[in-house]
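# Topology and contacts: notes
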Amino acid sequence: MMSQKAVVPPGGATGNRRMYPPPLASHQKIVNDPNLFRECLMNFHSVLGTKYTVPVIGGKDLDLHVLYVEVTKRGGFDKVVEEKRWREVSSIFNFSPTTTSASYALRKHYFALLHHFEQLYFFKQQGPLNGNSPGSMCFQAEGTIDGKFDCGYFVSIKMGSEVLNGVLYHPNQRAPSSSSKLATQSCNAIVPFNSPPPHHHSGRKNRRRKHGDPNRPKPNRSGYNFFFSQKHAALKSLYPHREREFTKMIGESWNNLSPEEKMVYQEIGEKDKERYQTELKEYKERMMASTSAS
């Protein structure tokens, strides 16, 4: 397990010398008029020279006006973060149940597109863009690698008193095993190195799998399975003689996660499910083609 510290400026590319432009309308007017809001927002990014695109979540364009109204109604970005109300905000949009990490995505897009806009129109901030606006100062973040898998790492980032769990991966890395089509796609399935499976199977089932088709795609795993593998690897290095207690310890850790933290792993599980369905479809097509040819 490795740890590294870094000083991170929020928003990344926000220049230190840029100034807040004069507002084109009042906060109340842009709240009441979606068209005026969009005009002011586009002008804001144009003046600052920052990129403005409408994000897509769940296959639909995100309504930035609704997002701005709902967040400022709750006191602004920093207050919503402090009070952990992003899940409440995301419920307004009625996203599909298959849309994972919606609250995280809203927070990310709001910070990138609306945070400084909010400072100008809602808080009436003036002067340098990185002045004394809430949340604009640089902060120190400490990152820890909790586990390793085929295409990257499970990581924890500590920023002040807040700890965020996430995944760093490199999807363009080629699989090390073979040059087959299935092997080149394996980086889409996140499988930890040397991590024991969360459940022990009977010998009879293992023997049946051993003599089955080795080309059949590996079944997908749930978000909890990935969480279990990550934590099991970490606990094994810390408490090598207490392995019988790991299942209970990991279950309690999972129950203590916030909905947003669980979504990180659930999103990984959804991606692995998509990987399995795609590979299974291709596998069945190859089997049918092989049967027809013979």
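Everything quoted here is computed from the prediction, not taken from an experiment.

## Re unusual backbone geometry
A positive phi angle, near 55°, is found at Lys-84, a position not held by glycine. Mapped onto the secondary structure, Lys-84 falls in the loop between helix H4 (77-82) and helix H5 (86-91). For Asn-94, which is not glycine, the phi dihedral falls at a positive 50°. Counting through the fold element by element, Asn-94 comes out in the loop between H5 and helix H6 (102-113). Here Asn-94 falls in the exposed class, since its relative accessible area comes to 67%.

## Describing the confidence of the model for the protein
Mean pLDDT over the protein stands at 76; residues scoring 70 or higher make up 67%. Low pLDDT (under 50) marks residues 131-139, which in the prediction has 23 contacts with non-local residues, meaning those over four places away or in another chain. This model gives residues 173-203 a pLDDT under 50, and the stretch forms 49 contacts once residues within four places in sequence are excluded.

## Structural notes on the packing of aromatic side chains
Taken as a whole and judged by the stated rule, the model has 17 aromatic pairs. Summarising the aromatic geometry, the rings of Phe-37 and Tyr-68 are spaced 5.4 Å apart at their centres and angled 35° between planes, so their arrangement reads as tilted. You can see Phe-37 sitting in helix H2 (residues 34-48) and its partner Tyr-68 sitting in helix H3 (residues 64-73), a full 31 residues away along the chain. The residues Phe-37 and Tyr-68 share a single accessibility class, namely buried. Measuring from ring centre to ring centre gives 5.5 Å for Tyr-68 and Phe-117, while their planes differ by 70°; the resulting arrangement is edge-to-face. Remark: Phe-117 occurs in helix H7 (residues 115-121) and Tyr-68 occurs in helix H3; sequence separation between them is 49 residues. The class for Phe-117 is buried, based on a relative accessible area of 0%. Ring pairing ties together the aromatic residues Phe-37, Phe-44, Tyr-68, Phe-117 and Tyr-121, which thus form one cluster.

## With respect to the nonpolar core
Counting 31 residues, the largest nonpolar core has Leu-67, Tyr-68, Trp-86, Leu-114 and Phe-117 as its most contacted members. At the level of secondary structure, the elements contributing two or more residues to this core comprise helix H1 (27-32), H2, H3, H4, H5, H6 and H7. Those residues in contact with Phe-117 that lie beyond four places of it in its chain are Ile-30, Phe-37, Cys-40, Leu-41, Phe-44, Tyr-68 and Phe-122. Among the nonpolar cores identified, the runner-up in size contains eleven residues, and Phe-226, Ile-250, Leu-257 and Ile-268 belong to it.

## Description of the environment of Trp-86
Positionally, Trp-86 belongs in helix H5. Using a relative accessible area of 4% as the deciding quantity, one classes Trp-86 as buried. Put simply, Trp-86 and Glu-260 are 174 residues apart on the chain and 8.8 Å apart in space, counted from C-alpha to C-alpha. Setting aside anything within four residues of it in sequence, one finds Trp-86 in contact with Leu-67, Val-71, Phe-77, Val-80, Val-81, Ser-103, Leu-106, Arg-107 and Tyr-110.

## So, the pattern of salt bridges
Applying the stated criterion to the full structure yields eight salt bridges. For Arg-85, the salt bridge is made with Glu-83, and the minimal N-O distance between the two is 3.3 Å. Given a relative accessible area of 37%, Glu-83 falls into the partly exposed group. Residues joined in a network through salt bridges with shared partners are Glu-70, Lys-73, Arg-74, Glu-83, Arg-85 and Glu-88.

Reading guide: rules and limits
Residues numbered from 1 in each chain as written. Predicted model: local features only at pLDDT ≥ 70, side-chain atom pairs only at ≥ 80, totals over all residues. Heavy atoms only, no water. Helix = DSSP H or I, 4+ residues; strand = E, 2+ residues; numbered from the N terminus. Buried < 20%, exposed > 50% of the residue type's maximum accessible area, 1.4 Å probe, protein only. pLDDT = per-residue confidence, 0-100. Contact = heavy atoms within 4.5 Å. Phe/Tyr/Trp six-rings, centres within 6.5 Å; stacked < 30°, edge-to-face > 60°. Core = buried A, V, L, I, M, F, W, Y, C linked by side-chain atoms within 4.5 Å. Salt bridge = Lys/Arg side-chain N within 4 Å of Asp/Glu carboxyl O.

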